[in-house]
Amino acid sequence: MDSEIYAILKDHYFIPFYLLTWVISVATYRKYFDTVLKYFPVFIAYTFFTELLGYFIKYHEEFQFFSDERYSWRNIIIYNIYQVVAFLFFYWVYWKTLKSVHYKKWVKYGVGMMLASYIISLFYQNPFYTGLYYADIVGAVVLLICVILYLKEKKEEANPYPQRYNLLYWVSIGTLIFYLTAPYVLLVGYVRYDIWSVYGFHSILVVLIMLMYAFFIVGLLMGKRKAFR
């Protein structure tokens, strides 16, 4: 058991970082329990358990989906499901937050494009064996548009509280930084694994994850209830 924990901490150190973020999100929940981010701790917990399950599927036979040894270690299906859920969660957050009727319509159209891209991908890729990276890029672009629209509204809004006290502002900045780069990093691993390996793209991805969650933590610690108004 101790060796298992050591392996996770050594080679998958971003997994405990998810747990830390969840603990902080629960400890500070009173700040935002009645806001659009009220389900944020649930989302963080889902992220943590998805990564933990992915680890056990990859390294423990009893958790694996496939009996064929060529595919037994594959855990990509849970990440494909996770990515769709993550996009839908954030789309819902921004759709509920945006005040412009036109912006809300754009979000709806974007959700339709994202879902259509995943459905189309299923005809060409098996989600049990490979990531749906092209659809992920479509989803990421839609999410980036949502973030930009939100930041644009906040900039034009008369709010006496600085944005540094607004949790959703920090979540938006972290999300913006991550999804500007991460989907393309993953796509490189899919189409050119040799480049992914030689140039350490996995490390880039881990840095992006840690950076995004660092912004989440800052927002959770600095956030104030009135800043959401």
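Keep in mind that this is a model prediction, so the values were computed, not measured.

(A) Structural context of the packing of helix α4 (residues 76-97) against helix α7 (residues 167-191). Closest axis-to-axis distance for the α4/α7 pair is 13 Å, and the angle between their directions is 135°. The angle between α4 and α7 places the two elements in the oblique class. Here the hand of the crossing between α4 and α7 comes out left-handed. Only Leu168, Val171, Ser172, Thr175 and Tyr179 of α7 make contact with α4, whose side of the interface consists of Gln83, Phe87, Phe90, Val93, Tyr94 and Thr97. Looking at the contact of α4 with α7, its residues break down into 7 nonpolar, 4 polar and no charged.

(B) Local environment of a nonpolar patch on the surface. On the surface, a cluster of nonpolar side chains totalling about 310 Å² of accessible area is made up of Leu19, Trp22, Val23 and Val26. Looking at the element boundaries, Val26 is found in helix α2 (residues 14-27). Judged by relative accessible area, which is 41%, Val26 ranks as partly exposed.

(C) Spatial organisation of α7. With 25 residues, α7 extends 36 Å from end C-alpha to end C-alpha; this agrees with the ideal 36 Å at 1.5 Å per step. Of all the bends in α7, the largest measures some 35° and sits at Tyr179, one to four residues before the proline Pro183. Capping of α7 at its N-terminal end is provided by Asn166; its side-chain oxygen lies 3.0 Å from the backbone amide nitrogen of Leu168.

(D) Highlighting the packing of aromatic side chains. For the coordinates displayed, the defined rule picks out 21 aromatic pairs. Here the aromatic rings of Tyr46 and Tyr82 are separated by 5.3 Å at their centres, their planes lie at 45°, and the arrangement is tilted. In this pair, Tyr46 is assigned in helix α3 (residues 40-59) and Tyr82 in helix α4, connecting sequence segments 36 residues apart. Given the relative accessible area of 14%, Tyr82 is considered buried. Of the aromatic side chains, those joined through ring pairs into one cluster are Phe43, Tyr46, Tyr82, Phe89 and Phe90. Here the guanidinium or amino end of Lys104 rests over the ring plane of Trp95, the centre of that ring lying 4.5 Å away. The ring of Tyr165 carries the charged tip of Lys224 above its face, separated from the ring centre by 4.3 Å.

(E) Expanded view of the environment of Asp136. Considering the arrangement of structural elements, one finds Asp136 in helix α6 (residues 133-156). By relative accessible area, which is 8% here, Asp136 ends up buried. Asp136 sits 49 residues away from Phe87 along the chain, and the two C-alpha atoms are 9.1 Å apart. Non-local contacts of Asp136, meaning those with residues more than four positions away in its chain, are made with Gln83, Phe87 and Tyr118.

(F) Fine view of the pattern of salt bridges. With the rule as written, the count across this model stands at 2 salt bridges. Linking Lys152 and Glu156 is a salt bridge whose minimum nitrogen-to-oxygen distance equals 3.0 Å. With Lys152 and Glu156 both in helix α6 and 4 residues apart, the pair spans about one turn of that helix. With a relative accessible area of 37%, Lys152 lands in the partly exposed category. Under the relative-accessibility criterion, Glu156 is labelled exposed at 58%.

(G) Quick look at the packing of α4 against α6. At a closest axis distance of 10 Å, the pairing of α4 and α6 adopts a crossing angle of 20°. Here α6 runs roughly parallel to α4, going by the angle between their axes. The chirality of how α4 crosses α6 is left-handed. Along its contact with α4, which presents Ile76, Gln83, Phe87, Phe90, Tyr91, Tyr94 and Thr97, the element α6 presents Tyr133, Asp136, Gly139, Ala140, Val142, Leu143, Cys146, Val147, Tyr150 and Glu153.

(H) Seen up close, the nonpolar core. Core analysis: the biggest nonpolar cluster contains 58 residues, and Leu37, Phe40, Phe43 and Tyr213 have the highest contact counts within it. Residue assignment for this core shows that the elements contributing at least two residues are α2, α3, α4, α5 (101-121), α6, α7 and α9 (201-222). Considering each element in turn, this core owes the most residues, 10 residues, to α9. Residues in contact with Phe40, not counting those within four places in the same chain, are Tyr32, Phe89, Val171, Phe216 and Leu220.

(I) Molecular detail of the environment of Leu220. The topology assignment puts Leu220 in helix α9. Residues Leu220 and Leu168, 52 residues apart in the sequence, show an inter-C-alpha distance of 9.2 Å. Residues in contact with Leu220, not counting those within four places in the same chain, are Thr21, Ile24, Ser25, Thr28, Lys31, Tyr32, Phe40 and Leu167.

Rules used throughout
Per-chain numbering applies: the sequence of each chain, read as written, is numbered from 1 onward. Residues qualify for local features only when their pLDDT is at least 70, as the model is predicted, and side-chain atom pairs are given and counted only at 80 or more; totals for whole chains, interfaces and linings, by contrast, use all residues. Side-chain measures here rest on the full set of heavy atoms in the structure, leaving out hydrogens and waters. Interaxial angles span 0 to 180 degrees and are taken between N-to-C directions of axes, which are lines fitted to C-alpha atoms, for helices over the stretch in contact. To qualify as a helix, a DSSP run of H or I must reach at least 4 residues; to qualify as a strand, a run of E must reach at least 2; elements of each kind are numbered from the N terminus. When an angle is under 35 degrees it counts as roughly parallel; over 145 it counts as roughly antiparallel; between 65 and 115 it counts as roughly perpendicular; any other value is oblique. Whether a crossing is left-handed or right-handed is set by the direction in which the near helix is turned from the far one by less than a right angle, anticlockwise for left-handed and clockwise for right-handed. Between two residues, a contact is recorded if the distance between any of their heavy atoms is within 4.5 Å. Just so you know the grouping, Ala, Val, Leu, Ile, Met, Phe, Trp, Tyr, Cys and Pro go in nonpolar, Asp, Glu, Lys and Arg go in charged, and all remaining residues, Gly too, go in polar. Surface patches are defined over residues having more than 30% relative accessible area and no salt bridge, joining like charges when they lie within 9 Å and nonpolar side chains (Val, Leu, Ile, Met, Phe, Trp, Tyr) when within 5 Å. Residue burial considers only the protein chains on display, and all accessible areas are found by Shrake-Rupley using a 1.4 Å probe. A pairing counts as a salt bridge when a side-chain nitrogen of Lys or Arg comes within 4 Å of a carboxyl oxygen of Asp or Glu. For each residue, the accessible area found with a 1.4 Å probe, counting protein chains only, is set against the maximum for its type, and the residue is called buried under 20%, exposed over 50%, and partly exposed in between. Helix span is expected to be 1.5 Å times the residue number reduced by one. Here the bend at a residue means the angle between the axes of two seven-residue stretches, the one that ends at it and the one that starts at it. Distance and chemistry together define a polar contact, namely a pair of N or O atoms within 3.5 Å, with one atom able to donate a hydrogen and the other to accept it when in protein, and with adjacent residues in sequence counting only for side-chain atoms on both sides. The aromatic pairing rule takes the rings of Phe, Tyr and Trp, using the six-membered ring of Trp, and pairs them if the centres are within 6.5 Å, calling planes under 30 degrees apart stacked, those over 60 edge-to-face and the rest tilted. Only lysine NZ and arginine CZ atoms are considered, and such an atom sits over a ring when it is within 6 Å of the ring centre and within 35 degrees of the ring normal. Throughout, nonpolar core names a set of buried Ala, Val, Leu, Ile, Met, Phe, Trp, Tyr and Cys residues whose side chains join them through atoms within 4.5 Å.

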